[in-house]
Amino acid sequence: MYEKLLFGFVLTTLLNFSVQGSTLRIIGGHEAPSKFGYYHASLQNLTGSHVCGGAVVSERHVVTAAHCVQGTEPQYIKIVVGTTNLDEGGKQYDVEAIKIYNDFNFSERANDIAMLKISEAFNLNDIEIIKLDENYLNENDTVILTGFGAVQVNGESSRLMHILDLTVFSQEICRYAMRNSRAVLDNMFCTFTRMGEGTCHGDSGGPLIKDNKLVGLVSWGIPCAVGFPDVHTRIAPYADWIQKEIVTF
Ligand SMILES: *[C@@H]1O[C@H](CO)[C@@H](O)[C@H](O)[C@H]1NC(C)=O
Ligand SMILES: *[C@@H]1O[C@H](CO)[C@@H](O)[C@H](O)[C@H]1NC(C)=O
Ligand SMILES: *[C@@H]1O[C@H](CO)[C@@H](O)[C@H](O)[C@H]1NC(C)=O
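Nothing here was measured: the structure is a model prediction, and the numbers come from that model.

Rules behind the numbers
Residues numbered from 1 in each chain as written. Chains lettered and ligands numbered in written order. Predicted model: local features only at pLDDT ≥ 70, side-chain atom pairs only at ≥ 80, totals over all residues. Heavy atoms only, no water. Pairing = 2+ DSSP bridges. Helix = DSSP H or I, 4+ residues; strand = E, 2+ residues; numbered from the N terminus. Axes fitted to C-alpha atoms, helices over the stretch in contact; angles between N-to-C directions. Near = heavy atom within 4 Å. Polar contact = N/O pair within 3.5 Å; in protein donor to acceptor, adjacent residues only side chain to side chain. Areas by Shrake-Rupley, 256 points an atom, 1.4 Å probe, with all protein chains shown as cover. Buried < 20%, exposed > 50% of the residue type's maximum accessible area, 1.4 Å probe, protein only. Contact = heavy atoms within 4.5 Å. Phe/Tyr/Trp six-rings, centres within 6.5 Å; stacked < 30°, edge-to-face > 60°. Lys NZ or Arg CZ within 6 Å of the ring centre and 35° of its normal.

> What is the right way to look at the sheet that holds strand 6 (residues 91-100) in this model?
Backbone hydrogen bonds hold the strands of a sheet together, and the pairing may be parallel or antiparallel. Taken in spatial order, the six strands of this closed barrel run 2-3-4-7-6-5, and their pairing is antiparallel. Ignoring which end each strand starts from, the neighbouring axes of this sheet average 40° apart. Bridge count for strand 6 against strand 7 (residues 114-118) is five bridges, and the pairing is antiparallel. Considered in strand 7, the bridge of alanine 97 is made with lysine 117.

What follows is the structure in structure tokens.
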């Protein structure tokens with residue numbers, strides 16, 4: 001199977017936060033400059049392994065892919081923010097609660113979005129709150145992906161944040177290219193630049209931004225940059241839900 005699964009599920013017991021299959025990581029990018037991407041949250045397990053990415057959307061909330069956190073419990077996830085090097089600096093936060101979008105469908109990856117509430121407010125020196133983009137993307141728009149995913153096939157998650165410019169790909173051609181995997185729904189969009197550039201294990205849930213606003217979260221694909229598009233959850237259709245949850249959750 002070509003699962004681009006992020007971490008997320010607890011396979012054996014509900015007591016672990018672990019990776020099922022592999023998570024996506026960035027292939028073909030470069031190291032992020034220091035101080036870049038402070039809206040990027042690293043979701044980690046209790047021994048400090050990066051499992052998925054996420055985006056800081058308020059002083060108390062992170063959005064990520066639902067498949068990253070389904071089946072786990074808040075106490076098994078730690079959030080690290082404020083560094084482009086996971087071995088240096090940054091601050092770790094506890095998760096108080098997980099809210100998975102109601103209509104998330106794991107097999108279809110439909111509505112692959114979830115919010116995490118942090119136990120205490122983030123220190124604003126550690127983070128940048130990313131604004132949500134409520135506009136739809138156009139084909140050929142450039143989006144910026146950040147991630148701590150593997151930088152080579154079968155590699156470990158990277159301890160250094162990587163960054164990669166990606167191009168929004170034709171929805172129609174993407175549907176066709178991915179027809180043997182799963183349907184590319186309207187609330188998903190694809191990126192593809194060239195073979196050798198794209199997501200890999202560990203990038204799931206990670207933010208895609210445009211003009212400094214959040215436009216997407218890495219969801220699924222055929223890892224790692226082997227010539228297929230990467231498929232992401234669009235933010236625009238969920239912007240109202242996220243805003244509401246920031247206030248009520
Ligand atoms: C965290 O993930 C790493 C890499 O997958 C694994 O080796 C380690 O056992 C995990 N730790 C826990 C507490 O699950
Ligand atoms: C998820 O989608 C599949 C395929 O369309 C469907 O068979 C299944 O019932 C759905 N699951 C849920 C929980 O809605
Ligand atoms: C996007 O770029 C491709 C390749 O340059 C081009 O064929 C296509 O027409 C462009 N699409 C739009 C909507 O501009």
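> What is the right way to look at the site of ligand 1 in this model?
Neighbouring ligand 1 are the residues Asn45, Thr47 and Ser49. A distance of 2.6 Å is found between a nitrogen atom of ligand 1 and a side-chain nitrogen or oxygen belonging to threonine 47. With respect to ligand 1, the side chain of serine 49 contributes an N or O atom lying 3.4 Å from an oxygen atom. Across the complex, the protein chains shield 47% of the 360 Å² of accessible surface that ligand 1 would expose by itself.

> Teacher, can you tell me more about the environment of aspartate 141 here?
Relative to the helices and strands, aspartate 141 resides in the loop between strand 8 (131-132) and strand 9 (142-147). Among the residues examined, aspartate 141 registers a relative accessible area of 14% and is labelled buried. Sequence separation of aspartate 141 and threonine 167 is 26 residues, and the distance between their C-alpha atoms is 5.7 Å. Leave out the neighbours within four places in its chain, and aspartate 141 touches Leu166, Thr167, Val168 and Lys210.

> Can you walk me through the packing of aromatic side chains in this structure?
In this description, an aromatic ring pair is defined by two values, namely the gap between the centres and the angle between the planes. Within this structure, the stated rule accounts for five aromatic pairs. When the centroid spacing of 5.1 Å and the interplanar angle of 85° are considered together, the rings of tyrosine 101 and tyrosine 238 count as edge-to-face. Of this pair, tyrosine 101 sits in the loop between strand 6 and strand 7 while tyrosine 238 sits in the loop between strand 14 (230-234) and helix 3 (239-248); the two residues are 137 residues apart in sequence, bridging distant segments of the chain. Just above the ring of phenylalanine 106 sits the side chain of arginine 109; from NZ or CZ to the centre is 4.2 Å. We note arginine 182 situated over the ring of tryptophan 220; from NZ or CZ to the ring centre the distance is 5.0 Å.

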